[in-house]
Amino acid sequence: MIKLDGPSQGPQAGGKPGHLVVLLHGYGADGNDLIGLAPVLAPLMPDTVFHAPNAPYPCEGNPMGYQWFGISRLDPQVAAAGVRAAAPFVDAFLDEKLAQYGLDEARTVLMGFSQGTMMALHVGLRRTRQLAGIVGFSGMLAAPEALGPEIRSRPPVLLLHGDSDEMLPHILTQRAAEVLRQHGVQVRMHIAQGVGHGIDQTGLSHAARFLLDAFKLPLPQQGT
């Protein structure tokens, strides 16, 4: 099996990490696309290590990037098969990093963008040990009909989406939140007005607050 690798940023405070954030990029991108979030988030959680692995396959639509699976006009069957086939890569990466740092799922958050959100939701809700949380930007829940019999843990979830997203309409996030809540998952959702297929400053602020809450870290004092 292909072993995932990609850019990372160690704890700002130095020393042994106390928390882990794994960032899963979107279709046609690579780990460098999301590791840029680490310098923004790190000052708020200085003992956190960030990893942004490249997806396992070269992208069919962009030879410079990677994909978790091929896409076909949001075909739900393609998405369902794709996340299922790629999940073992993410699980193995998580297991490797948890062992490397001596951490557990309770100190780990999966954060995805677009196709990476599909992966984060699929993998995170099927881990036996509950993650601290899952953050999903501009994505969807693949294979919603399979969640009931397959869900193994219920970490808190934050879903964010722009209402001007032309690639993945924001109703997909609203549908995902509805299904997750039906299965007992605590979901926060933020729909950003005028935002397209991307991460804006407000969304990043929501994600930062969610991470601090998931890791049970104090909110920074205003003005610091």
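Our subject is the structure that appears above.
Trainee: Would you take a moment to explain the sheet that holds strand S7 (residues 133–137) for this structure?
Mentor: The strands making up a sheet associate through hydrogen bonds between their backbones, and the pairing can be parallel or antiparallel. The sheet built from 7 strands is open, its strands ordered S1-S3-S2-S6-S7-S8-S9 with mixed pairing. Edge positions in the open sheet fall to strand S1 (8–9) and strand S9 (187–192), since each of these has one partner strand only. Pairing geometry for strand S8 (residues 157–162) and S9, over 6 bridges, is parallel. From the neighbouring strand, Leu158 faces S9, where its bridge partner is Arg188. Packed onto the sheet, helix H3 (residues 76–101) meets strand S2 (19–24), strand S3 (48–51) and strand S6 (108–113) and runs at close to 155 degrees relative to S2. Contacting S2, S6, S7 and S8, helix H4 (residues 115–124) crosses the sheet at an angle of about 145 degrees to S6.

Trainee: Would you take a moment to explain the pattern of salt bridges for this structure?
Mentor: A side chain with one charge can pair with a side chain of the opposite charge if their charged atoms come near. Counted under the stated rule, the structure contains 8 salt bridges. Residue Asp95 is joined to Arg127 by a salt bridge in which the shortest nitrogen-to-oxygen separation is 2.7 Å. Of the two residues, Asp95 is situated in helix H3 and Arg127 in the loop between H4 and S7; the sequence distance between them amounts to 32 residues. We classify Asp95 as partly exposed; its relative accessible area is 41%. Between Arg126 and Glu150 there is a salt bridge, and its shortest N-O distance comes to 2.8 Å. Here Arg126 is found in the loop between H4 and S7, whereas its partner Glu150 is found in helix H5 (residues 144–150), with 24 residues between them in sequence. When its relative accessible area of 24% is taken as the criterion, Glu150 is described as partly exposed. Counted as one network, the salt bridges with shared partners bring together Asp91, Asp95, Glu105 and Arg127.

Trainee: What is the right way to read empty space enclosed by the protein from this model?
Mentor: Over the atoms rolls a probe the size of a water molecule, and its path tells where empty space is left. With the rule as written, the count across this model stands at 1 cavity of 30 Å³ or more. For the largest cavity, the calculated volume is near 60 Å³. In this structure, the largest cavity is lined by Phe137, Ser138, Leu160, His161, Gly162, His190, Ala192, Gly198, Ile199, Asp200 and Gly203. Looking at the lining of the largest cavity, the elements that each hand over two or more residues are S8 and S9. No other element matches S8, which puts 3 residues into the lining of the largest cavity. Taken together, the residues that form the lining of the largest cavity break down as 4 nonpolar, 6 polar and 1 charged.

Trainee: How do you make sense of the pairing of S8 when you look at a structure like this?
Mentor: The two faces of a sheet get side chains in turn, since along a regular strand they alternate between them. Counting buried residues along S8, 6 of its 6 residues qualify, which places the element largely inside the surrounding structure. Residues Val157, Leu159 and His161 of S8 are buried on one face, and the alternating residues Leu158, Leu160 and Gly162, pointing to the opposite face, are buried as well. Pairing geometry for S7 and S8, over 4 bridges, is parallel. Bridge pairing in S8 places Phe137 opposite Leu160.

Trainee: What am I meant to see in the environment of Gly148 here?
Mentor: Considering the arrangement of structural elements, one finds Gly148 in helix H5. As a C-alpha pair, Gly148 and Leu159 span 11 residues in sequence and 19 Å in three-dimensional space.

Trainee: Mind showing me how you'd approach the packing of aromatic side chains here?
Mentor: In this description, a pair of aromatic rings is defined by centroid distance and the angle of the planes. Within this structure, the stated rule accounts for 1 aromatic pair. Ring centres of Tyr57 and Phe89 lie 5.8 Å apart, and the angle between their planes is 90 degrees; this geometry places the pair in the edge-to-face category. Of the two residues, Tyr57 is situated in strand S4 (residues 57–58) and Phe89 in helix H3; the sequence distance between them amounts to 32 residues. Residue Tyr57 is classed as partly exposed on the basis of its relative accessible area, which comes to 32%.

Trainee: It is not clear to me how the nonpolar core should be interpreted in this structure. Could you clarify?
Mentor: One recurring pattern in soluble globular proteins is that nonpolar side chains are buried together. Among the nonpolar cores identified, the biggest contains 43 residues, and Leu24, Trp68, Leu110, Met119, Val157, Leu159 and Leu180 are the most heavily contacted of them. Mapped onto this core, the elements with two or more residues apiece are S2, H3, H4, S8 and helix H6 (171–182). Examining the composition of this core, we find that 10 residues originate from one element, H3, more than from any other. In terms of nonpolar packing, the next biggest core, distinct from the first, is built from 27 residues, Ala38, Leu158, Ala207 and Leu211 among them.

Trainee: Would you mind showing me how to read the environment of Ser164 here?
Mentor: Here Ser164 shows up in the loop between S8 and H6. A relative accessible area of 36% places Ser164 in the partly exposed class. Excluding residues that lie within four positions of it along the chain, Ser164 makes contacts with Gly194, Val195 and Gly196.

Cut-offs applied
Residues numbered from 1 in each chain as written. Predicted model: local features only at pLDDT ≥ 70, side-chain atom pairs only at ≥ 80, totals over all residues. Heavy atoms only, no water. Pairing = 2+ DSSP bridges. Helix = DSSP H or I, 4+ residues; strand = E, 2+ residues; numbered from the N terminus. Contact = heavy atoms within 4.5 Å. Axes fitted to C-alpha atoms, helices over the stretch in contact; angles between N-to-C directions. Salt bridge = Lys/Arg side-chain N within 4 Å of Asp/Glu carboxyl O. Buried < 20%, exposed > 50% of the residue type's maximum accessible area, 1.4 Å probe, protein only. 1 Å grid on protein atoms, 1.4 Å probe; cavity = no way out; pocket = protein on both sides within 12 Å on 5 of 7 lines; lining within 4 Å. Points joined across faces, edges and corners; volume = space filled by probe spheres on them. Nonpolar A, V, L, I, M, F, W, Y, C, P; charged D, E, K, R; others polar. Phe/Tyr/Trp six-rings, centres within 6.5 Å; stacked < 30°, edge-to-face > 60°. Core = buried A, V, L, I, M, F, W, Y, C linked by side-chain atoms within 4.5 Å.

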